[in-house]
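Architecture at a glance
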Amino acid sequence: MTLRKPRKKISVMIVGNHSAGKSSFINWYIGESIQKTGVAIETRGFTFVTSGKKRETLQGDATVRFYDHLNSFGDFNGIMANLFTEISTSRDKNFSCVDLIDTPGLVDGDMQYPFNVQDAIVWMADHVDLILIFFDPIGQATCKRCMEVVERLNNGPHLEKIHYFMSKADAVDKEHDRQRVLIQITQNLATRIRNSHAFNLPTFYLPRDEAADCTIPNAIEDVCKEIDKSINMTVQKNLKQLKTDCERILARTVEVKEKDRAQKATNVQRTMQGVLLSLLTLAAAALMGMVFTTRFIDTLCSEALLGHLCDNGAARAMHHLQPTVTDNFNGLFGAAAGLVLVLMIVTKLTWRVQPVLNKKQLQQIDSYAQVVKRIAEQEDNLYKDYFKTLSTMEH
Ligand SMILES: Nc1nc2c(ncn2[C@@H]2O[C@H](COP(=O)(O)OP(=O)(O)O)[C@@H](O)[C@H]2O)c(=O)[nH]1
Ligand SMILES: [Mg+2]
């Protein structure tokens, strides 16, 4: 029986063209300048930004150890030197429940990535809870690499995880420019993605002093809401998983005990059959002895040997039978010996007891069941607590 321990945090992967504001968004979300931002192509690798007790940077090897479910990510040629974890002490927003994954900025042209960047993003998509795709209106939002990644992600099994946004909306001055860019991105995507009719591309920008008088609607709250929603869904999923795991363990303990009971009943039956067969074997052996004794009764009853024991009915009967037995000695003795052999084999085959649980082991199983029952009760309370936080969040 395999059970997987639930992950404590959700993972949010941010994908987009180079300079779409991925790193800036992460810095804004955690309220700390952890990721380098700027026009140069700063982020060539993957960076996990996570909350912790101490500010720390982990290199590739430590990162795959830290996130052991990502072990095979290291198989991508060239990734290890371009994989980092930034641990920040920030507790801003819901950062303590989130791992933010900054991905390499996508650009076209002869830009050399140290590993297959598209494959790596698509691989990572299998291991995250939420994928935020940022397009920026002044950069290469519709670059080939970017569109290809979007198309591949969209054709994968993760449709419901993916959310698209137009970032840096304040970078365009006029509303009609923003509309034009929106249309351009949407049209470009329409040919590549499923459900494109239901496609919407909220625009956001980071709240900054320079953007204070910007009148463009800012959907930055929606980006945060997607993250919150994903956290809530994961909480529900984990609670549900905990419940099913508890049920599975309890069912297994019942199953093990039942099997043990059945095994014990079978063992009793087999032991009884074994004892009976052993007695029959003994009887056959006695018969063999009697045939032998009858054959040689004269010799055995000679004074020198056991003469003093021969004055009884049995010895007389043997004397009486001796000529017949002597004539057929080989056949009779062989048959009796054969019977002994056959009975011994049958006894051995029948009297095979299966391993059963001892008292201590049974007590241990009972104690497991008790612990799991207690956890199931706690799960119930956790659910109630969770609903309570939801209702306080709403009001
Ligand atoms: N006007 C504006 N500029 C932004 C915004 N977010 C990021 N930037 C700028 O865009 C540039 C690229 O941002 P960066 O986070 O490095 O993009 P990345 O390549 O996707 O990580 C930087 O100079 C940022 O200051 C935004 O919301 N509005
Ligand atoms: Mg960046």
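This one's a predicted model, so the numbers in the text were calculated from it and none came from an experiment.

**Some words on the state of the cysteines**
One pass over the structure, following the stated rule, counts one disulfide. In this model C301 forms its disulfide with C310; the gap between the sulfur atoms is 1.8 Å. With the S-S dihedral at roughly -90°, the linkage between C301 and C310 falls on the left-handed side. When its relative accessible area of 15% is taken as the criterion, C301 is described as buried.

**Focus: the environment of N154**
On the secondary structure map, N154 appears in helix α4 (residues 144-155). By relative accessible area, which is 2% here, N154 ends up buried. The spatial distance from the C-alpha of N154 to the C-alpha of R192 is 8.3 Å, given a sequence separation of 38 residues. When sequence neighbours within four positions are dropped, the list of residues in contact with N154 reads L159, I162, Y164, I193 and R194.

**Describing the UniProt feature "transmembrane region" (unreviewed entry) in the protein**
UniProt's feature table lists "transmembrane region" (unreviewed entry) at residues 274-297 and 331-351, given in the numbering used throughout. Segment residues 274-297 splits into 96% helix and 0% strand. End C-alpha atoms: 34 Å apart. What you have in residues 331-351 is 95% helix and 0% strand, and the ends, taken at the C-alpha atoms, are 30 Å apart.

**Some points on the site of ligand 1**
Around ligand 1 sit 16 residues in total, of which S19, S23, S24, D170 and R208 are the nearest. The separation between an oxygen atom of ligand 1 and a polar main-chain atom of S19 is 2.8 Å. In this structure, G38 approaches ligand 1 through a main-chain N or O atom, which is 3.0 Å from an oxygen atom. For ligand 1, the accessible surface in isolation is 580 Å², of which the surrounding protein chains cover 85%. Grouping the amino acids of the shell around ligand 1 by side-chain chemistry returns four nonpolar, eight polar and four charged.

**Section: a nonpolar patch on the surface**
A contiguous nonpolar patch, built from V275, L279, L282, W351 and V353 and spanning about 480 Å² of accessible area, is present on the exposed surface. Inspection of the secondary structure assignment puts L282 in helix α6 (residues 220-295).

**Examining the domain arrangement of the protein**
The domains assigned to the protein are domain 1 (10-218) and domain 2 (242-394). Here the C-alpha centroids of domain 1 and domain 2 sit 67 Å apart.

**Brief notes about the side chain of D99**
Its place among the elements puts D99 in strand β5 (residues 98-102). It is K9 that comes nearest to the buried, bridge-free D99 among opposite-charge side chains, at 4.1 Å. At 3.4 Å, the side chain of D99 forms a polar contact with the side chain of Y67. Those residues within four positions of D99 in sequence are excluded, and the remaining contacts are K9, I10, S11, V12, V49, T50 and Y67.

**Focus: the packing of α6 against helix α8 (residues 313-327)**
Axis separation between α6 and α8 bottoms out at 8 Å; the angle between their running directions is 95°. As far as their axial angle goes, α8 and α6 are roughly perpendicular. Counted together, M290, V291, T293, T294 and R295 of α6 and M318, L321, Q322, V325 and T326 of α8 form the full contact between these two elements. Taken together, the residues of the contact of α6 with α8 break down into five nonpolar, four polar and one charged.

**Section: unusual backbone geometry**
We note that K93 has phi near 40°; this positive angle belongs to a residue other than glycine. Here K93 lies in the loop between β4 (83-88) and β5. Even without being a glycine, K168 presents a positive backbone phi close to 50°. With respect to the secondary-structure elements, K168 resides in the loop between β7 (162-166) and α5 (175-190). Since its relative accessible area comes to 25%, K168 is described here as partly exposed.

**Comments concerning the side chain of D136**
Turning to its location among the elements, D136 is positioned in the loop between β6 (130-135) and α4. The exposure class assigned to D136 is buried, which follows from its relative accessible area of 1%.

**Structural notes on the pairing of strand β2 (residues 46-51)**
Along any regular strand, the residues point their side chains to alternate faces of the sheet. Among the six residues that make up β2, six are buried, leaving the element largely enclosed by the rest of the structure. Two strands pair when backbone bridges link them, and β2 and β4 are joined in this way by six bridges, in the parallel orientation. In the sheet register, F46 faces β4, and the bridge partner there is L83.

Rules used in this analysis
- Every residue gets a number counted from 1 within its own chain, in the order that chain's sequence is written.
- Chain A is the first chain written and ligand 1 is the first ligand written, with later ones labelled in order.
- Where local features are concerned, this predicted model is filtered to residues with pLDDT of at least 70; where side-chain atom pairs are given and counted, the filter is 80 or more; whole-chain, interface and lining totals use all residues.
- To obtain the side-chain values, all non-hydrogen atoms of the structure were included, while hydrogens and water were left out.
- Defined by distance alone, a disulfide is two cysteine sulfur atoms within 2.5 Å.
- Exposure classes here rest on a 1.4 Å probe applied to the protein chains alone. A residue is buried below 20% of its type maximum, exposed above 50%, and partly exposed in between.
- For the purposes of this entry, the term helix denotes a DSSP run of H or I that reaches at least four residues, the term strand denotes a run of E that reaches at least two, and both are numbered from the N terminus.
- By definition, residues are in contact when any of their heavy atoms lie within 4.5 Å.
- UniProt positions are given in the numbering used here, feature names are shortened, and annotations may be inferred rather than shown by experiment.
- The cutoff for a nearby residue is simple: one of its non-hydrogen atoms must lie within 4 Å of the molecule or strand.
- Identification of polar contacts relies on pairs of N or O atoms within 3.5 Å, with a donor-acceptor requirement for protein atoms, meaning one able to donate a hydrogen and the other able to accept it, and with residues adjacent in sequence counted only if both atoms are side-chain atoms.
- Computed with a 1.4 Å probe, the accessible areas rest on the Shrake-Rupley method; for each residue, only the protein chains presented here act as cover.
- Amino acids outside the nonpolar list (Ala, Val, Leu, Ile, Met, Phe, Trp, Tyr, Cys, Pro) and the charged list (Asp, Glu, Lys, Arg) are all regarded as polar, and Gly is one of them.
- In this analysis, a patch consists of residues with relative accessible area above 30% that form no salt bridge, clustered at 9 Å for like charges and at 5 Å for the nonpolar side chains Val, Leu, Ile, Met, Phe, Trp and Tyr.
- Note on definitions: salt bridges are taken to be side-chain nitrogens of Lys or Arg within 4 Å of carboxyl oxygens of Asp or Glu.
- Domain limits in this description derive from either an automatic procedure or a database domain assignment.
- The charge count treats Lys and Arg as positive and Asp and Glu as negative. His and the chain ends do not count.
- Under this scheme, a helix contributes an axis fitted over its contacting stretch, all axes are lines through C-alpha atoms, and angles between N-to-C directions fall in the 0 to 180 degree range.
- Any angle between 65 and 115 degrees counts as roughly perpendicular, while under 35 counts as roughly parallel, over 145 as roughly antiparallel, and the rest as oblique.
- Only when DSSP finds a minimum of two bridges between them are two strands counted as paired.

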